[in-house]
There are 2 protein chains.
Amino acid sequence: MVVARPIFRRVTVYGQFCPVAKAAELLDQRWMLLVLRELLAGSQHFNEIRRGVPKMSPTLLSQRLRELVRAGVAERTPDKRYTLTPAGKELAPIIEALGAWGTRWVPALGDPDLDPHLLVWDIHRSVNITALPPGRTVLHLIFRDAPPATRYWWLVMTRDGTEICDFDPGYEIAATLDTTLRTLTEIWRGDIGWTQAQNSGVLQVAATPAAHRGLPTWLQLSKFAGTPRPLPVHSG
Amino acid sequence: MVVARPIFRRVTVYGQFCPVAKAAELLDQRWMLLVLRELLAGSQHFNEIRRGVPKMSPTLLSQRLRELVRAGVAERTPDKRYTLTPAGKELAPIIEALGAWGTRWVPALGDPDLDPHLLVWDIHRSVNITALPPGRTVLHLIFRDAPPATRYWWLVMTRDGTEICDFDPGYEIAATLDTTLRTLTEIWRGDIGWTQAQNSGVLQVAATPAAHRGLPTWLQLSKFAGTPRPLPVHSG
DNA sequence: CGGTATCCCCGTCGATACTG
DNA sequence: CAGTATCGACGGGGATACCG
C-alpha cells in the first residue's frame, strides 16, 4: 500500500485570523518571494523561472509553483506556462516595496551574494533592444576576479532579443567591459556609478565610438537602482 | 570546553544580490512578519509582544527580536523595550500592504485560525477610550461556541486604558455581546457587518440605551476592515 | 523541455524547565 | 517581568538521479 504523503501542510501555520498572518503563511515560505519576483518580471516557463533562482532545486520550485496555483495567485496554462492571476498581480507593489526597502536598508553585499550567472541574466533581461542599431551588437563582459569558468561572457543583442553566451560566439565585439564581479553588481544595483567605477580603475571600457555613445542607452540598470538611499548619519 | 553555537546563520541565505532577496532573507523567517506587525502596532515589552504571537515560543521570539536588532530594524533600550529604527518604521507600508492583500485574497478562515485570546487582545488594543463616558464601562463578551475556559470575557474600559478579564470582575455591565467566535472575528475583520450578524441571530446584543448608542464608537474594527474586496466573478 | 522520485541530513522549531 | 538553557523530533529542503 502506498501512502501518498501530504504536500501542502501550509494551509494554517500561525493560527491567527489576522490578514497579515494569512498572507505571511503563503509568502514567508523560503524562496516564495523570489519565485514571485520572477513571475512578476515576466518569466513563465519552468526553466526560465529557474534561471532567476538557480540555487533552488527543481523539486522545490515545482512545489512552490503548485502552492501558488493552489492559493489562486498563479495559474498553469495547458501549454505549461505559469501566469499570474489578478491576486498575483496585486503583489507587484509589495515585491517592489520590498526591493526598495532592501536597497535602502540592507547595505553591504557579502561575497556569497555575488553571482555572475544571475547578474548576466538580469542585465540581459533588461537590455533596451529598441535602442540598438540594426543587426547584431555584441558586448563582452570580463569579470577579472572570477574563476575562468565564469569569467568571460558575451551578450549578443539584436532588436529581436538578447542572448547570453559563456563562450566566444565569434562575432565582432562592439564593447568590452573589464571589471570585477562586485563592481558590475554594484553598478547594476545603483550602489555606485559608471564613472565612479571607471575613475577608480576597477572598470575599464574598450568600445567603438558608436558603442561608447550607445552603451548607456542599451544597458539599463536594476529597477531599484534609482531608489533614493537614506542619508548617512554623522556621529560627530 | 564549551562551544558557543552560532545563533544567526541568516546573513546569506539565497546567494543573490537582488535587494528583494536581501530583504527576504530577513523578513521571510517564520513569525518575523508577525513580530514586526506587533512592533508596528506599538508593542514594546517582551511579554506584550508575546501576547500578539502567543503560539510562538519565548525562545524563538527572543531570537527573532535579536535578529531584528542585528539587522538594524529594531533597538533594545536599556529599560528593555524594543523600538523600531527608521529602517523598521519604513516597513509599515509593507506590512499594511500585506494585510490589505490578505484581506482581499485570502478569503476563508479555517477554524484553527480563530483564537479568542487574540481576538479579545486585538479588540482591547483598539478601543477608542477617548470616546468613553467618564468612569468605568464594562463590556461582556460571550463566545457561545467556545469551551467554558475561553467563553466569557470582560473588557474593563476607562479613559486611562482598557483591561481584559477572563473572569467576572464584578462591575456593572454596560453591554453584553453573545455570539460565536467566528462571527465576532469576521466582524472584526470586516468580512461581515454588525447588523448582518444581528439579523441572522448569530449575534445578540443586550445593552443599556447609552451603551447601545456608544458601542459603535467605542469598539473599532481592524485597520483592514475597510479594505475594499475584489468583486466576485460570475460564471454564468 | 518540464518536471518527479527518492534519500537523508541537518537546521529549525516546539516543549519544558529554569534563572536573574 | 524578561528572558535563557537544553533537548529531542520532525520535516523542509538539498542532492542526485531519473522519466514522459
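Conventions used here
Residues numbered from 1 in each chain as written. Chains lettered and ligands numbered in written order. Predicted model: local features only at pLDDT ≥ 70, side-chain atom pairs only at ≥ 80, totals over all residues. Heavy atoms only, no water. Contact = heavy atoms within 4.5 Å. Buried area = accessible area lost by both parts, 1.4 Å probe. Salt bridge = Lys/Arg side-chain N within 4 Å of Asp/Glu carboxyl O. Polar contact = N/O pair within 3.5 Å; in protein donor to acceptor, adjacent residues only side chain to side chain. Helix = DSSP H or I, 4+ residues; strand = E, 2+ residues; numbered from the N terminus. Nonpolar A, V, L, I, M, F, W, Y, C, P; charged D, E, K, R; others polar. Core = buried A, V, L, I, M, F, W, Y, C linked by side-chain atoms within 4.5 Å. Buried < 20%, exposed > 50% of the residue type's maximum accessible area, 1.4 Å probe, protein only. Phe/Tyr/Trp six-rings, centres within 6.5 Å; stacked < 30°, edge-to-face > 60°. Lys NZ or Arg CZ within 6 Å of the ring centre and 35° of its normal. Pairing = 2+ DSSP bridges. Axes fitted to C-alpha atoms, helices over the stretch in contact; angles between N-to-C directions.

Account for the interface of chain B and chain A, naming residues and giving values.
On the side of chain A, 55 residues touch chain B, which itself brings 55 residues to the contact. Contact between chain B and chain A buries roughly 4,800 Å² in total, counting both sides, with carbon and sulfur atoms accounting for 69%. At the boundary of chain B and chain A, one finds four salt bridges. B:Glu90 is the partner of A:Arg104 in a salt bridge, and the nearest nitrogen-oxygen pair spans 2.7 Å. At the boundary of chain B with chain A, the tally comes to 22 residue pairs in polar contact (both at pLDDT 80 or more). Only α1 (19-27), α2 (32-40), α5 (86-89), α6 (92-105), α7 (116-125) and α8 (181-189) of chain B provide two or more residues apiece to the side of chain B that touches chain A. Looking at which element gives the most residues to the side of chain B that touches chain A, the answer is α6(B), with 10 residues. Its residues assigned to classes, the side of chain B that touches chain A shows 33 nonpolar, nine polar and 13 charged.

Account for the nonpolar core, naming residues and giving values.
The biggest cluster of nonpolar side chains holds 67 residues, and the ones touching the most others in it are A:Leu36, B:Leu36 and B:Leu39. With residues near it in sequence (within four places) discarded, B:Leu39 still touches B:Ile49, B:Leu65, B:Leu68, B:Ala74, B:Tyr82 and B:Leu84.

Can you tell me about the packing of aromatic side chains, naming the residues and giving the values?
Scanning the entire structure with this criterion turns up two aromatic pairs over all chains. Ring geometry for A:Trp31 against B:Tyr14: centres 4.6 Å apart, planes inclined by 55°, an arrangement best described as tilted. Of the two residues, A:Trp31 sits in the loop between α1 (19-27) and α2 (32-40) while B:Tyr14 sits in the segment before α1, which places them in two different chains. Each member of the pair, A:Trp31 as well as B:Tyr14, carries the same accessibility label: buried. Over the aromatic face of A:Tyr171 sits the side chain of A:Arg136, whose NZ or CZ is 3.5 Å from the ring centroid.

Pulling in residues and values, what's your account of the sheet that holds strand β5 (residues 161-165) of chain B?
Residue and element names in this part refer to chain B. Strand order across the open sheet formed by five strands is β5-β4-β3-β6-β7, with mixed pairing between neighbours. Pairing within the sheet leaves two strands with one partner each, and these edge strands are β5 and β7 (203-207). Neighbour-to-neighbour, the strand axes of this sheet turn through a mean angle of 15°, independent of strand direction. Note that strand β4 (residues 152-158) and β5 share five bridges and pair antiparallel. What sits directly across from Met 157, in β5, is Thr 162. Docked against the sheet, helix α10 (residues 209-218) engages β3 (137-143), β4, β6 (175-179) and β7, running at close to 125° with respect to β7.

Please set out the side chain of A:Gln29 residue by residue, giving values where relevant.
All names here are of chain A. If you trace the backbone, Gln 29 turns up in the loop between α1 and α2. Since its relative accessible area comes to 6%, Gln 29 is described here as buried. Separated by 3.1 Å, the side chain of Gln 29 and the backbone oxygen of Leu 26 make a polar contact.

Hey, could you go over unusual backbone geometry for me, with residue numbers and the actual values?
The backbone of A:Trp31 sits at a positive phi, close to 75°, despite the residue not being glycine. The class of A:Trp31 is buried, set by a relative accessible area of 3%. A positive phi angle, near 65°, is found at B:Lys80, a position not held by glycine. In this structure, B:Lys80 sits in the loop between β1 (74-76) and β2 (82-84).

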